Amino acid sequence: MNPVKPGKTPRTPWIVGVSGASGTPYAAAVLRALFAAGESVDLVVSRASRLTLLDETGISFRDAHWREDLREWLSRGADGKPGTFVVDLDGDRGDRVRHWSAGDLAAGPSSGSYPVKGMLIVPASTACVAGVALGLSKDLLQRAASVTLKEGRRLVVAVRETPLNGQTLRHLVTLDEAGATVLPASPAFYAGATHIQDLVDFVAGRALDAAGVPHTLYRRWEGEVGGARASGATD
């Protein structure tokens, strides 16, 4: 048994999987917003995504120093500027975030009996999409996604690739039919973006919308043409 201490609710996190596609700022924005919403996170960073993270931010994500590296990553804006954000990785409980190695197929998220709310894969590479659609479970990220589907939990797949060939499109249809939300990392401009962070936050916000997590990452459409420009002019 794994008893819960009196007065303490069971920890039920969101799994966030980061694959090797370009777009690590999307993952950072999703993680920050989940923490801001008071959510707990189980983080899985694939081997390929570590190369992408190094290329896009200069940060080496190391298993032995993951908390230090994660804090440095999340503190940066989409433009790469350090110290843009202040992030609390501990929270009131001290277990706001857990990191699982992508090669650990005995990790908690590998089992359907491990309690989670759902999973977001941000960004999702076409290789990751194929692995989940085919049920390959070649690493913990893919296995956790397969478990999320079989348990009927929310799975949001923020695919980041262009153009898309027929094979990938068929894989995405397979995921849609299995119950996942396929969410292309495609920013919109009606929210009045004036900075690259605004475009990143829009995609992150749409991923959180699909997961049902409240946030204030972007200005929502209110049925008024030019509303974002008018709002910007008066700010």
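Quick summary incoming for the structure in this document.

Basis of the calculations
Residues numbered from 1 in each chain as written. Predicted model: local features only at pLDDT ≥ 70, side-chain atom pairs only at ≥ 80, totals over all residues. Heavy atoms only, no water. Pairing = 2+ DSSP bridges. Helix = DSSP H or I, 4+ residues; strand = E, 2+ residues; numbered from the N terminus. Core = buried A, V, L, I, M, F, W, Y, C linked by side-chain atoms within 4.5 Å. Buried < 20%, exposed > 50% of the residue type's maximum accessible area, 1.4 Å probe, protein only. Contact = heavy atoms within 4.5 Å. Patch = residues over 30% accessible without salt bridge, like charges linked within 9 Å, V, L, I, M, F, W, Y side chains within 5 Å. Areas by Shrake-Rupley, 256 points an atom, 1.4 Å probe, with all protein chains shown as cover. Salt bridge = Lys/Arg side-chain N within 4 Å of Asp/Glu carboxyl O. Expected span 1.5 Å × (residues − 1). Arc of directions from axis to C-beta. Polar contact = N/O pair within 3.5 Å; in protein donor to acceptor, adjacent residues only side chain to side chain.

Quick look at the sheet that holds strand β2 (residues 41-45) now. Spatial ordering of the open sheet is given by β3-β2-β1-β4-β5-β6, a layout of six strands whose pairing is parallel. Edge positions in the sheet fall to β3 (97-101) and β6 (181-182), since each of these pairs with one other strand and no more. By the bridge criterion, five bridges tie strand β4 (residues 118-124) to strand β5 (residues 154-159) in an arrangement that is parallel. Within β5, the residue paired with isoleucine 121 across the bridge is valine 157.

Membership of the largest hydrophobic core comes to 39 residues, with the highest contact counts inside it found for Leu31, Leu43, Leu70, Trp73, Leu74 and Leu120. Residue assignment for this core shows that the elements contributing at least two residues are β1 (14-18), α1 (24-36), β2, α3 (66-74), β4, β5 and α7 (196-211). Among the elements that make up this core, the one with the highest residue count is α1 (nine residues). Apart from residues lying up to four places away in sequence, leucine 43 is in contact with Val16, Val18, Leu31, Phe61, Leu70, Val97, Arg98, His99 and Trp100. Grouped together as the second largest cluster of nonpolar side chains are 25 residues, Tyr114, Leu155, Val159 and Leu175 included.

Right, let's get into a nonpolar patch on the surface. On the surface, Tyr190, Trp221 and Val225 cluster together into a nonpolar patch covering about 360 Å² of accessible area. When you line up the elements, tyrosine 190 lands in the loop between β6 and α7. When its relative accessible area of 35% is taken as the criterion, tyrosine 190 is described as partly exposed.

Helix length check: helix α6 (residues 166-178) (13 residues) gives 18 Å between terminal C-alpha atoms against 18 Å at 1.5 Å per residue, within 8%. Turning to α6, its buried residues number three or more, namely Thr168, His171, Leu172 and Leu175. Buried residues in α6, looked at end-on, bunch into an arc of 100 degrees, giving them a common side. Counted as exposed and oriented over 90 degrees from the buried face of α6: Arg170 and Glu177. The N-cap of α6, judged by a side-chain oxygen 3.2 Å from the amide nitrogen of glutamine 167 a few residues on, is asparagine 165. Glycine 179, located one to two residues past α6, shows a positive phi value of around 110 degrees.

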